[in-house]
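The lines below spell out each chain.
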Amino acid sequence: MAEIISGKVVSAAKREELKERVKALNEKGISTGLAVIIVGNNSASRVYVNNKKKGCEEIGVTSFEYALSEETTEAELLTLINELNNDDRVDGILCQLPLPKHIDEKVILNFIDPAKDVDAFHPVNVGHIMIGDFTFLPCTPAGIMEMLKFYNISVSGKKCVVIGRSNIVGKPMAMLLLKENGTVEICHSRTANLKEETLSADILVAAVGIADFVTADMVKEGAVVIDVGMNRNAEGKLCGDVCFDEVEKKASFITPVPGGVGPMTITMLLENTVRSAEAKA
Ligand code: GUN
């Protein structure tokens, strides 16, 4: 039976550390601020943004919310970002995705000052991640690395298989595992014999976005299984990409959904915001 990797426990410990770092900045007369932009009425985005604001409050970071209407133009959004790029109270700028269809996400993300890009989505920061020399961490993958460290799970020399090749999770995840000397493979929808690949994994990261995609027959005995999925099953219940009940019996460690990777992502966003303020100091 696998040991449960609790994102809640790791996240709480990390937030305590961040609180101290924000306090140390305050004592030097330096404030820390995060600007959060949300455009339109996406209900999931609203929940995420509220949680990000709550996280800021918890560790003493000031949050500035910009809730814009669905009709906001690309030019208006660029004007706001330009102001925030030049606002000394703002250490981090987060533009919640997805944006309405008439706004080009790439144009917006590329306009955020890389020094305030706490999502690490700007090509400059993506490049830093690629060469292993970075200030801003990719939030979800960095949260996973933090959990592995907390549970003393070593990556060095291990076979790591990542299922999913997104820019937000799959690709940067592979880079962070590689930096820790893992032997890394990225699998995706066109991978031939996926099961053969996943069965070789000492550390398996599922970032597919399909409920119950990873079944026990795809997992090696004793593997560490990380579930990045956030799906709704037929009953509307939140579930991951991994068939938890059956895989739990085979894995050595496993993250649950909810309560696994999810809580870590916002915590690492806060880490990036504090890092940005520390760099300013
Ligand atoms: N939408 C879903 N996940 C994210 C994220 O990590 N950052 C931003 N900005 N938008 C998102």
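Please refer to the structure higher up on the page.
Residues numbered from 1 in each chain as written. Predicted model: local features only at pLDDT ≥ 70, side-chain atom pairs only at ≥ 80, totals over all residues. Heavy atoms only, no water.

(A) Looking closely at the overall build of the protein chain. Of regular secondary structure, the protein chain possesses 10 helices and 11 strands. Relative to the 2.2 N^0.38 estimate, which gives 19 Å for 281 residues, the radius of gyration of the protein chain is 19 Å and therefore close to what a compact globule would have. Looking at the protein chain as a whole, 48% of its 281 residues qualify as buried. On the protein chain, roughly 13,000 Å² of surface is accessible, and the fraction owed to carbon and sulfur atoms is 53%. Treating the 30 positive side-chain charges of the protein chain as one cloud and the 39 negative ones as another, the clouds have centres 2 Å apart. (Helix = DSSP H or I, 4+ residues; strand = E, 2+ residues; numbered from the N terminus. Rg over C-alpha atoms; globule rule 2.2 N^0.38 Å. Buried < 20%, exposed > 50% of the residue type's maximum accessible area, 1.4 Å probe, protein only. Areas by Shrake-Rupley, 256 points an atom, 1.4 Å probe, with all protein chains shown as cover. Lys, Arg positive; Asp, Glu negative; His and termini not counted. Charge placed at Lys NZ, Arg CZ, Asp CG, Glu CD.)

(B) View of the packing of helix α2 (residues 43–59) against helix α10 (residues 261–280). The geometry of α2 relative to α10 is characterised by a closest axis approach of 10 Å and an angle of 55° between their N-to-C directions. One way to sum up the angle between α2 and α10 is to call them oblique. Between α2 and α10 the crossing geometry is right-handed. Contacts from Y48, N51, K52, G55, C56 and I59 in α2 reach I266, L269, L270 and V274 in α10. Class assignment of the residues belonging to the contact of α2 with α10 gives a composition of 7 nonpolar, 2 polar and 1 charged. (Axes fitted to C-alpha atoms, helices over the stretch in contact; angles between N-to-C directions. Parallel < 35°, antiparallel > 145°, perpendicular 65-115°, else oblique. Left-handed = near helix turned anticlockwise from the far one by under 90°. Contact = heavy atoms within 4.5 Å. Nonpolar A, V, L, I, M, F, W, Y, C, P; charged D, E, K, R; others polar.)

(C) Geometry of the pairing of strand β8 (residues 224–227). The alternating pattern of β8 places V224 and I226 and V225 and D227 on opposite faces, both of which are buried. Sheet analysis places strand β7 (residues 203–206) next to β8, joined by 4 bridges and oriented parallel. Following the sheet pairing, L204 is matched in β8 by V225. Where β8 meets strand β11 (residues 253–254), 2 bridges bridge the pair, whose relative direction is parallel. From the neighbouring strand, V225 faces β11, where its bridge partner is I254. (Pairing = 2+ DSSP bridges.)

(D) Layout of the side chain of D119. Tracing the chain through its elements places D119 in the loop between α4 (105–111) and α5 (123–130). Among buried charged residues, D119 stands out as having no salt bridge; its nearest opposite-charge side chain is K52, 5.3 Å away. In this structure D119 touches L94, C95, L137, C139 and L269, once residues within four positions along its chain are discounted. (Salt bridge = Lys/Arg side-chain N within 4 Å of Asp/Glu carboxyl O.)

(E) Representation of the site of the ligand. With respect to spatial proximity, the complete set of residues near the ligand consists of K52, L94, C95, Q96, L97, D119 and F121. Note that a nitrogen atom of the ligand is positioned 2.6 Å from one of the side-chain N or O atoms of D119. For the ligand, the protein covers 78% of the area, taking 280 Å² as the surface of the free molecule. By residue class, the composition of the shell around the ligand is 4 nonpolar, 1 polar and 2 charged. (Near = heavy atom within 4 Å. Polar contact = N/O pair within 3.5 Å; in protein donor to acceptor, adjacent residues only side chain to side chain.)

(F) Seen up close, the pattern of salt bridges. As enumerated under the stated definition, the model contains 17 salt bridges in all. Salt-bridge contacts for D87 lead to R89; the nearest nitrogen and oxygen are separated by 2.7 Å. Assessed through its relative accessible area of 17%, D87 is described here as buried. Judged by its relative accessible area of 45%, R89 falls in the partly exposed class. By sharing partners, the salt bridges in this structure join K14, E17, R21, E146, E271, R275 and E278 into a single network.

(G) Geometry of the environment of K149. Mapped onto the elements, K149 comes out in helix α6 (residues 139–150). What makes K149 exposed here is its relative accessible area of 62%.

(H) Seen up close, the nonpolar core. If you look at the biggest cluster of nonpolar residues, it comprises 49 residues, and the most contacted ones within it are I144, L148, L177 and V205. Among the elements that make up this core, the one with the highest residue count is α10 (8 residues). If near-sequence neighbours (up to four positions away) are discounted, V205 is found in contact with I144, V161, V162, I163, M173, L177, I226 and V228. Counting 18 residues, the second largest nonpolar core, distinct from the first, contains L204, A206, V225 and V247. (Core = buried A, V, L, I, M, F, W, Y, C linked by side-chain atoms within 4.5 Å.)

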